[in-house]
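Given next are the chains, with one letter for each unit.
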Amino acid sequence: MKPMKRILALLLCLLIGTAYLPGPLLASAVTADVPKITLSEQIAEPGEDVTVSVELLENPGIMVMLFEISYDHTLLTLTGYEDAGLTGWERSEDLDDYILWLGEADSSFNDTILKLNFHVSDTVEPGDIAVTFLCGSGDVGNHDEEAFLPEITAGKIHIHGWGEATYTWSEDNSSVTATRACTQDATHVETETVNTTSAVTKAATCEAKGETTYTATFTNTAFSAQTKTVTNIPATGHDYGTP
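Cut-offs applied
Residues numbered from 1 in each chain as written. Predicted model: local features only at pLDDT ≥ 70, side-chain atom pairs only at ≥ 80, totals over all residues. Heavy atoms only, no water. Helix = DSSP H or I, 4+ residues; strand = E, 2+ residues; numbered from the N terminus. Contact = heavy atoms within 4.5 Å. Areas by Shrake-Rupley, 256 points an atom, 1.4 Å probe, with all protein chains shown as cover. Pairing = 2+ DSSP bridges. Axes fitted to C-alpha atoms, helices over the stretch in contact; angles between N-to-C directions. Core = buried A, V, L, I, M, F, W, Y, C linked by side-chain atoms within 4.5 Å. Buried < 20%, exposed > 50% of the residue type's maximum accessible area, 1.4 Å probe, protein only. pLDDT = per-residue confidence, 0-100. Salt bridge = Lys/Arg side-chain N within 4 Å of Asp/Glu carboxyl O.

**Q** Got a minute to help me understand the overall build of the protein chain in this structure?
**A** In terms of helices and strands, the protein chain carries one helix and 17 strands. A separation of at least 24 residues holds for 64% of the contacts in the protein chain among residues at least 6 apart in sequence. Surface exposure of the protein chain reaches about 13,000 Å², of which carbon and sulfur atoms provide 49%.

**Q** Is there a simple way to think about the environment of Ile43 in this case?
**A** Mapped onto the secondary structure, Ile43 falls in strand β2 (residues 41–44). Counting along the chain gives 145 residues from Ile43 to His188, while the straight-line C-alpha distance between them is 9.6 Å. Setting aside anything within four residues of it in sequence, one finds Ile43 in contact with Val50, His158, His160 and His188.

**Q** I tried to follow unusual backbone geometry on my own but got confused; where do I start?
**A** The phi dihedral of Glu58 falls on the positive side, at around 55°, and the residue is not glycine. Within the secondary structure layout, Glu58 lies in the loop between β3 (49–57) and β4 (62–70). Backbone geometry at Glu145 places phi at a positive 65°, although glycine is not the residue there.

**Q** What is the right way to look at the sheet that holds strand β13 (residues 175–181) in this model?
**A** One key point about sheets: their strands pair by backbone hydrogen bonds, in either a parallel or an antiparallel sense. In spatial order, the strands read β12-β13-β14; together these three strands make up an open sheet with antiparallel pairing. Here the strands that pair on one side only, and so sit at the sheet edges, are β12 (166–169) and β14 (189–195). Neighbouring strand axes in the sheet, compared pairwise and without regard to direction, differ in orientation by 20° on average. Two strands pair when backbone bridges link them, and β13 and β14 are joined in this way by seven bridges, in the antiparallel orientation. What sits directly across from Ala181, in β14, is Val189.

**Q** Which parts of the structure should I look at to understand the nonpolar core?
**A** For soluble globular proteins, the rule of thumb is that nonpolar side chains tend to be buried together. In this structure, Met65, Trp89, Ile113, Phe118, Phe133 and Ile157 are the most contacted members of the largest nonpolar core, which totals 31 residues. Secondary structure elements with two or more residues in this core: β1 (36–39), β3, β4, β5 (76–83), β6 (98–107), β7 (111–120), β8 (127–134) and β11 (155–159). Not counting the four nearest positions on each side in its chain, Phe118 is found in contact with Glu48, Asp49, Val50, Val52, Ile69, Tyr71, Leu76, Thr77, Leu78, Thr79, Val131 and Ile157. Core analysis: the next-biggest nonpolar cluster, separate from the first, contains nine residues, Trp169, Val194, Tyr214 and Phe223 among them.

**Q** Would you mind going over the confidence of the model for the protein chain with me for this structure?
**A** Close inspection of predicted coordinates is inappropriate in any region flagged by low pLDDT. On average, the protein chain scores 85 in pLDDT, and the residues at 70 or more come to 82%. In this model residues 1–5 is a low-confidence stretch, pLDDT under 50, and it forms ten contacts with partners more than four residues away in sequence or in other chains. The low-confidence segment residues 16–22, where pLDDT is below 50, has 17 contacts with residues more than four positions distant or belonging to other chains.

**Q** Would you mind going over the pattern of salt bridges with me for this structure?
**A** Opposite charge on two side chains lets them pair, provided their charged atoms get close. For the structure shown, the criterion picks out four salt bridges. Salt-bridge contacts for Lys156 lead to Asp128; the nearest nitrogen and oxygen are separated by 3.4 Å. With Lys156 in strand β11 and Asp128 in strand β8, this residue pair connects regions lying 28 residues apart in the sequence. Connected through salt bridges with shared partners, the residues Glu45, Arg180 and Glu190 form a single ionic network.

If you want it as structure tokens, here you go:
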């Protein structure tokens, strides 16, 4: 099958939803040009949706690209994709892991070319999930049927495993800072500082000091409300009146 006919055959397969792959798109030898494909790194938690971006750099002028999307299907579900700098990507239901771009002419575009949408399993454990592209030596090429073998840098979705939150009160109890760090990567830290509310919870008497209770409520549901009671209201002292 001629190279351009292979391209059209695969595009037809994608459009009609068949599982036939015609093999490498371009039969010619790979050129010295090496386009760079990089998939982004993202952060997510179990049950969340996340988008991985695909960037193309050092583009020598490309007309066609065919990639197999590689990831752990037990941890991620590919829910869809979005065109970015290059429009017209095609993917079929029967070829979930293959995606094709065919331009009308060679494109020298350099930037984000595609976005992949994933849903993270509710039961995934903390750690990294690799997401990458696989392609053969004839699956990326130009209008002149010259093939390129791209250098592909895998992306990943980092799943947080959060440690126990800590809470730091200001010296005057007017604010509280909550902090938690990822157990897989200590550089991933979440913090939130809130002002407290206060209420007198025990009135002072002649001989005993009174108490104030301070309360901190956080927006992030991972942080629990904090309270602190302080004996800080001076006793009123005795008032014997005028003799």
